[in-house]
Amino acid sequence: PKCQPGSTAKVVTTAAIYNLRPDLSTFNFPTTACLTNIPDTNQQICNDADTASAANACGGTIVQMLPASCDPGYADLGLLLGGNTLSEQATLFGYDSVPPLDISPPGIVQPSQFPTAQELSQGGNPGIPGQAYSAFGQQDVLTTALQNAMIAAGIANGGAVMVPHFLEKITDSQGRVVETYKPTIWKQATSPQAAGEVIPLMQAVATSGTAAG
């Protein structure tokens, strides 16, 4: 099954910054509860709530925002990255492609979905606002658990997303090994340097961020 990944998609957005738009790595979001200046819509994106009065304000640098899971800050980053870059990085991780799982019958594993650059452009559907929502895994982004695991493992592996597998080896009726699984790279999602920038931020989610304790 596929569902909206929510804040786990911020890893993809963060990777897009260090991998494709390092000029945005010094971005600093002013602390606020909601992002209100989203083009082509009167909707606002608030942090961890639907209204400004209920939301906790957040902001700061990317190093501060990922562990704290700052929704409005990442929505603003999505607008700065734009549809082309967001879509490109998602595709590099394997979105919109069927993962080549070794023993999966056809149709069992579905591709995760990320809006195309055209769909995220002016006049597209969801259009420019979709850039903000896609950056933190909402609206039209749909992800499988396998895809999420491959993204996390890929970052840990220096940006290399491996072919997922259940198979270890194949033996014949006498127990002799016929074939042994050989690890192979499916997609090089980021440079090793970009992955190295994202790893400590993901670790901080668990040590001091929203997953701490």
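All of these numbers come straight from a predicted model, not from anything done at the bench. (Residues numbered from 1 in each chain as written. Predicted model: local features only at pLDDT ≥ 70, side-chain atom pairs only at ≥ 80, totals over all residues. Heavy atoms only, no water.)

(A) Spotlight on the packing of aromatic side chains. Going through the model one piece at a time under the given rule, you end up with three aromatic pairs. Over the ring of Trp-186 we find Lys-187; its NZ or CZ atom is 4.9 Å from the centre of that ring. (Phe/Tyr/Trp six-rings, centres within 6.5 Å; stacked < 30°, edge-to-face > 60°. Lys NZ or Arg CZ within 6 Å of the ring centre and 35° of its normal.)

(B) Molecular detail of helix α6 (residues 192-207). For α6, which comprises 16 residues, the first-to-last C-alpha distance of 23 Å matches the rise-based estimate of 22 Å (1.5 Å per residue) to within 8%. Along α6, the residues that are buried comprise Ala-194, Ala-195, Val-198, Leu-201, Ala-204 and Val-205. At its buried positions, α6 is contacted by α1 (10-20), α2 (62-68) and α5 (145-156). (Helix = DSSP H or I, 4+ residues; strand = E, 2+ residues; numbered from the N terminus. Expected span 1.5 Å × (residues − 1). Buried < 20%, exposed > 50% of the residue type's maximum accessible area, 1.4 Å probe, protein only. Contact = heavy atoms within 4.5 Å.)

(C) Quick look at α5. Along its twelve residues, α5 runs 17 Å from first to last C-alpha, staying within 8% of the 16 Å computed at 1.5 Å per residue. Gln-147, Met-150, Ile-151, Gly-154 and Ile-155 are the residues of α5 that are buried. Buried residues in α5, looked at end-on, bunch into an arc of 130 degrees, giving them a common side. Exposed and facing more than 90 degrees away from the buried side of α5 are Ala-145 and Ala-156. Immediately downstream of α5, the backbone of Gly-158 shows phi near 70 degrees, a positive value. (Arc of directions from axis to C-beta.)

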